[in-house]
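# Secondary and tertiary structure notes
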Amino acid sequence: MRRLSIAFLLGLLMASVCAEAQQAPQADFTVIFDGIILHAFPIKDSNGKLIFPNPRAFVIEGGAFSKRHYPTLIIKKPDIDVASLRDATGQPVSCTPEECRVPIIRYAMRIGTDDGNAVSGPPTVDKTFKTLTPHMSCITKGGGIQGIVTHDLPEGPIAGFFELLGNSLNACAFVDKAFFVPDSDNEGVRYFSDLVTLSGTVSNGPAVLQIRSYSTTGWKTVARINATTPLQIIVENHSHATQPTSTHFSLNSKLIVTAVPLPVVCANDAADAFCQNAKKQLTPRPPDQSEDACFPVQPLKICEPPLAPPVMPMMTRNAPGGNLEAMAGCANSQWP
């Protein structure tokens, strides 16, 4: 069950960014990633060239009949041109005074400026992201990533991706701990990232969302109308499961190349015999992990608790406030 109010978190983040920024608030932006999303950082090929130009957050599709997910782009307190957003994504847009929601189906996203340029980047990645977000290369003992991630537009199991360009990238944790079985990265019972946040400030004009899709030629700017506030975006990839489940972590296998099966996630308080027996066999975590380890010592930053219980009409697609299947270990991950 969701244990935080994203609206509350957005308010705190934007208050902090605006207090530090010298420019108008509409130049600031925050993008929150929530759900099964793989944050990939490019490596160099045999010729010394990056396999894709910028870090990307890949929104992974669920299954056709099980583990179904509903990838959604959400723009809070929208001051956007709805027709521009619809034309750029090629998808229907539904709006209330509080937010606009668009299914993420085969398009790329990034933050930029009105003149068509992208915001500078990549962002500074802080310890909260490095340590709370599982490293797939450690979990898979050096597994690779599918070549499809290098393409300019999402294909195959990728519903969409967001170019990670901005000032900073950080994470906050689920309040509960969990562990992998088998404990592939030798981390034992630990905290896992719940939400990942990209934030920053553009150098000129308001921060804008830019879309590249099969409906556009190159990147298209989604216009803002009389922008006076920060740009606030959520990239959400929830299922509509009615109970917390650990099985959706396996969706990462759609993008990760490995001969080692992905581990099962067990909640720290799981009562079933499988998890209880596995917990007894965990090896104590090495005490002197360095910055280069899979998980150095974790700076703890728990996601804010909700202001109100989540509301999720089960028959309503993309219902706000609901990721009922979420549990520690089954949200954002990273590669390598």
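These remarks concern the structure in this document. (Residues numbered from 1 in each chain as written. Predicted model: local features only at pLDDT ≥ 70, side-chain atom pairs only at ≥ 80, totals over all residues. Heavy atoms only, no water.)

Turning to the sheet that holds strand β4 (residues 69-76), a few remarks are in order. Sheet architecture is open: eight strands sit in the order β5-β6-β4-β16-β1-β13-β11-β8, paired in mixed fashion. This sheet does not close on itself; its edge strands, each paired only once, are β5 (94-95) and β8 (124-125). Bridging between β8 and strand β11 (residues 168-173) involves two bridges; their strand directions are parallel. Among the inter-strand pairings, Thr-124 is bridged to a residue of β11, identified as Ser-168. On top of the sheet, helix α2 (residues 82-89) reaches β4, β5 and β6 (99-103); it is set at about 15° to β6, its chief contact. (Pairing = 2+ DSSP bridges. Helix = DSSP H or I, 4+ residues; strand = E, 2+ residues; numbered from the N terminus. Contact = heavy atoms within 4.5 Å. Axes fitted to C-alpha atoms, helices over the stretch in contact; angles between N-to-C directions.)

Attention now moves to the packing of aromatic side chains. This model, assessed by the stated rule, comprises six aromatic pairs. Look at Phe-41 and Phe-129: their rings are 5.9 Å apart centre to centre, the planes differ by 65°, and that puts the pair in the edge-to-face class. Placement of the pair is Phe-41 in the loop between β2 (37-40) and β3 (56-60) and Phe-129 in helix α3 (residues 127-132), with a sequence separation of 88 residues. An identical accessibility class is assigned to Phe-41 and Phe-129; each is buried. Note on Phe-180 and Phe-249: the rings are 5.1 Å apart at their centroids and 45° apart in plane angle, and the pair reads as tilted. Taken as a pair, Phe-180 in strand β12 (residues 178-181) and Phe-249 in the loop between β16 (231-239) and β17 (256-257) lie far apart in primary sequence, 69 residues in all. For Phe-249, a relative accessible area of 1% translates into the label buried. An aromatic cluster is built from Phe-52, Phe-58 and Phe-161, whose rings are joined through pairwise contacts. (Phe/Tyr/Trp six-rings, centres within 6.5 Å; stacked < 30°, edge-to-face > 60°. Buried < 20%, exposed > 50% of the residue type's maximum accessible area, 1.4 Å probe, protein only.)

A word on the pattern of salt bridges. Scanning all chains against the criterion turns up eight salt bridges. Lys-76 is the salt-bridge partner of Glu-99, the closest N and O atoms lying 2.7 Å from each other. Of this pair, Glu-99 sits in strand β6 while Lys-76 sits in strand β4, placing them 23 residues apart in sequence. Given the relative accessible area of 18%, Lys-76 is considered buried. Its salt-bridge partner being Arg-190, residue Asp-185 comes within 3.0 Å of it at the nearest N-O pair. The same class applies to Asp-185 and to Arg-190, which are both buried. (Salt bridge = Lys/Arg side-chain N within 4 Å of Asp/Glu carboxyl O.)

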